[in-house]
Amino acid sequence: MQHKRYYNNKICLNVLANSIENAKEIYHTAEGHAVIGLLASNYTDVDKAVDDVQLYGEAIDRAISLGLGGGDPNQWKMVTDICRKVTPEHINQVFPAVAYTRACVQNETSHINCLVNPAETPGYVNIATGPMSAQEPAVNIPIRSAITLISEMGGNAIKLFPMNGLAMRQHYVKIAEACGEAGFILEPTGGITVDNFEEIVSLALEAGVPKVIPHVYSSIMDPDTGITRVEAIKKLFKIMKKIG
């Protein structure tokens, strides 16, 4: 991702939009320190998805995050099929498909995160997040080992999902500390709200995480229209400026 995407080179919002107009409002309110998520699960046609990535990208300086959709492992191939035709600035992927995705984008620079689940034991994560592996017993490994494997596969960040806000605070802190020690980007996802945003991002920065990409989705969206509320973006950006 472009360095300018991060506020103070530390924090970048990841949010959804229900239209190009909504995306533009979000992007400008965050002064460019945001990427807008387009979800593979919303498409059945690769070309339509490619068109939207291009159209939205033209409107907001290519600040697009191609997502799975609720962390759905069955969307991993749709993501890669889209990436063969257009390269979003930010790409979400499950652990087993990171290397495949890096090969599909045919570059070393695109940002590809790697979805892992919090494990029951603090300091460990479950890497069995693919469509088949997720149906089998969890594969829990130390977070440092996960970071090393993700790096070797060409990934750029840990996407920790589902977090359920701060329900697993101790686990989150351990993972943040490991990312800080390794100089690795962390993307906390799931249950993040305007109310807990400051603590979640602050914990990561205090642990030495170099860059944080918090995914803030349904909590700031109008449930009837799907519009991401610009007032919420204003509040989140104010918090970013306070702690960043």
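The rules we used
Residues numbered from 1 in each chain as written. Predicted model: local features only at pLDDT ≥ 70, side-chain atom pairs only at ≥ 80, totals over all residues. Heavy atoms only, no water. Helix = DSSP H or I, 4+ residues; strand = E, 2+ residues; numbered from the N terminus. Rg over C-alpha atoms; globule rule 2.2 N^0.38 Å. Buried < 20%, exposed > 50% of the residue type's maximum accessible area, 1.4 Å probe, protein only. Contact = heavy atoms within 4.5 Å. Areas by Shrake-Rupley, 256 points an atom, 1.4 Å probe, with all protein chains shown as cover. Lys, Arg positive; Asp, Glu negative; His and termini not counted. Charge placed at Lys NZ, Arg CZ, Asp CG, Glu CD. Axes fitted to C-alpha atoms, helices over the stretch in contact; angles between N-to-C directions. Parallel < 35°, antiparallel > 145°, perpendicular 65-115°, else oblique. Left-handed = near helix turned anticlockwise from the far one by under 90°. Nonpolar A, V, L, I, M, F, W, Y, C, P; charged D, E, K, R; others polar. Pairing = 2+ DSSP bridges. Right-handed = clockwise from strand over helix to strand, strands pointing away. Expected span 1.5 Å × (residues − 1). Arc of directions from axis to C-beta.

Engineer: Any chance you could explain the overall build of the protein here in plain terms?
Structural biologist: Secondary structure assignment for the protein yields eight helices and nine strands. In terms of overall dimensions, the protein is globule-like: its C-alpha atoms have a radius of gyration of 16 Å, near the 18 Å expected for 244 residues. Projected onto its principal axes, the C-alpha positions of the protein cover 45 × 40 × 35 Å. Within the protein, the fraction of its 244 residues that count as buried is 56%. A sequence separation of at least 24 residues applies to 66% of the contacts in the protein between residues at least 6 apart. Of the roughly 10,400 Å² that the protein leaves accessible, carbon and sulfur atoms contribute 49%. Both charge centroids of the protein, one from 21 positive and one from 26 negative side chains, sit 5 Å from each other.

Engineer: Help me understand the packing of helix H3 (residues 76-83) against helix H4 (residues 98-105) in this model?
Structural biologist: Helix-helix packing is described using two parameters, namely the angle between the two axes and the distance between the axes. Contact geometry for H3 and H4: axes closest at 8 Å, N-to-C directions at 15°. Compared by their axis directions, H3 and H4 come out roughly parallel. In this structure, H3 meets H4 at a crossing whose hand is right-handed. Here H3 contributes Trp 76, Lys 77, Thr 80 and Cys 83 to the contact with H4, which in turn contributes Tyr 100, Thr 101, Cys 104 and Val 105. For the contact of H3 with H4, the class distribution of residues is five nonpolar, two polar and one charged.

Engineer: What should I look at first to understand the pairing of strand S2 (residues 34-39) in this one?
Structural biologist: Where a strand is regular, its side chains alternate between the two sheet faces. Of all six residues making up S2, six are buried, and the element is well covered by its neighbours. Side chains Ala 34, Ile 36 and Leu 38 project from S2 onto one buried face, and the interleaved Val 35, Gly 37 and Leu 39 project onto a second face that is buried too. Direction of pairing for strand S1 (residues 13-16) relative to S2: parallel, over a ladder of four bridges. Of the residues in S2, the one forming a bridge with Val 15 is Ile 36. Traced from S1 through helix H1 (residues 20-29) to S2, the parallel crossover comes out right-handed. Relative to strand S3 (residues 64-67), S2 is paired through four bridges, and the arrangement is parallel.

Engineer: Any chance you could explain helix H8 (residues 230-243) here in plain terms?
Structural biologist: Think of an α-helix as turning once every 3.6 residues; residues three or four places apart then point the same way. With 14 residues, H8 ought to run about 20 Å at 1.5 Å a step, and its terminal C-alpha atoms sit 20 Å apart, in line with that. Every buried residue of H8 is accounted for by Ala 232, Ile 233, Leu 236, Phe 237, Ile 239, Met 240 and Ile 243. Down the axis of H8, the sector holding all buried residues measures 155°, keeping them to one side. Counted as exposed and oriented over 90 degrees from the buried face of H8: Lys 235, Lys 238 and Lys 242. Looking at the buried positions of H8, the neighbouring elements they touch are S1, H1 and helix H7 (197-206).

These figures come from the coordinates and say nothing about function on their own.
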